[in-house]
Amino acid sequence: MLETKPLFIPLKTEPFEAFRCGEKTEELRRYGPCWHAHTCYPGRLVVLSKGYGKQSRLRGRVIAFKHQWGDTFGSRYKAAIKEHFGTLDLEIACIRIEIELSACRG
């Protein structure tokens, strides 16, 4: 079996820091060519990056993946989806990520 490169997920500062401190465990992306069950499968390694630079990165692993319509999420996620995309009428990839403990130190 071929080893797959880690899934690269660039983030803005606020969500990156929320992952770093453990407040955030899921990332929502618009479901499509890059964000679907075949690319975001459980067990795949993940690199979370603050922006596209190499200074601030966290390593982890996908532990769950969900594909659903934006209007089927709870109120907190609905608000974030509506704010970011302007609508709830779209498919969302919900990627649950477990950060490596060693990545959280420092």
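Residues numbered from 1 in each chain as written. Predicted model: local features only at pLDDT ≥ 70, side-chain atom pairs only at ≥ 80, totals over all residues. Heavy atoms only, no water.

Focus on the overall build of the protein chain
Turning to step 1, where the next piece is worked out: Looking only at helices and strands, the protein chain features 3 helices and 5 strands.
Turning to step 2, where the next piece is worked out: Listing every helix and strand of the protein chain by position from the N terminus yields β-α-β-β-β-α-β-α.
Turning to step 3, where the next piece is worked out: In terms of overall size, the protein chain behaves like a compact globule, its C-alpha atoms giving a radius of gyration of 14 Å where 106 residues would be expected to give roughly 13 Å.
Turning to step 4, where the next piece is worked out: For the protein chain, the spread of C-alpha atoms along the principal axes amounts to about 35 × 35 × 20 Å.
Turning to step 5, where the next piece is worked out: Considering only contacts within the protein chain whose residues lie at least 6 apart along the sequence, 64% involve residues at least 24 apart.
Turning to step 6, where the next piece is worked out: As displayed, the protein chain offers around 7,000 Å² of accessible surface, 52% of which is attributable to carbon and sulfur atoms. (Helix = DSSP H or I, 4+ residues; strand = E, 2+ residues; numbered from the N terminus. Rg over C-alpha atoms; globule rule 2.2 N^0.38 Å. Contact = heavy atoms within 4.5 Å. Areas by Shrake-Rupley, 256 points an atom, 1.4 Å probe, with all protein chains shown as cover.)

Considering the sheet that holds strand 1 (residues 7-11)
Turning to step 1, where the next piece is worked out: Ordered in space as 1-3-4-5-2, the 5 strands form an open sheet in which the pairing is mixed. Where the open sheet ends on each side, the last strands, each with one partner, are strand 1 and strand 2 (26-30). Across the sheet, the axes of successive neighbouring strands diverge by a mean angle of 40°, strand direction being ignored.
Turning to step 2, where the next piece is worked out: Here strand 1 runs beside strand 3 (residues 45-50); their pairing, made up of 5 bridges, is parallel. Considered in strand 3, the bridge of phenylalanine 8 is made with valine 47.
Turning to step 3, where the next piece is worked out: Across the sheet, helix 2 (residues 75-85) touches strand 2 and strand 5 (91-99), and the angle it forms with strand 2 is around 40°. (Pairing = 2+ DSSP bridges. Axes fitted to C-alpha atoms, helices over the stretch in contact; angles between N-to-C directions.)

As for the nonpolar core
Turning to step 1, where the next piece is worked out: By size, the foremost hydrophobic cluster in this structure holds 15 residues, and its most contacted members are Leu7, Ile9, Phe19, Trp35, Val46, Leu48 and Ile97.
Turning to step 2, where the next piece is worked out: When contributions to this core are tallied by element, the ones reaching two or more residues are strand 1, helix 1 (13-21), strand 3, strand 4 (57-69) and strand 5.
Turning to step 3, where the next piece is worked out: If near-sequence neighbours (up to four positions away) are discounted, phenylalanine 19 is found in contact with Leu11, Lys24, Thr25, Glu26, Glu27, Leu48, Leu58, Ile97 and Ile99.
Turning to step 4, where the next piece is worked out: In this structure, Leu28, Tyr77, Ile92 and Cys94 belong to the second largest nonpolar core, which totals 7 residues. (Core = buried A, V, L, I, M, F, W, Y, C linked by side-chain atoms within 4.5 Å. Buried < 20%, exposed > 50% of the residue type's maximum accessible area, 1.4 Å probe, protein only.)

Quick notes on the side chain of glutamate 27
Turning to step 1, where the next piece is worked out: One can find glutamate 27 in strand 2.
Turning to step 2, where the next piece is worked out: Classification of glutamate 27 by relative accessible area gives buried; the value is 8%.
Turning to step 3, where the next piece is worked out: A polar atom in the side chain of glutamate 27 sits 3.4 Å from the side chain of lysine 24.
Turning to step 4, where the next piece is worked out: In terms of polar contacts, glutamate 27 uses its side chain to reach the side chain of arginine 29, at 2.9 Å. (Polar contact = N/O pair within 3.5 Å; in protein donor to acceptor, adjacent residues only side chain to side chain.)

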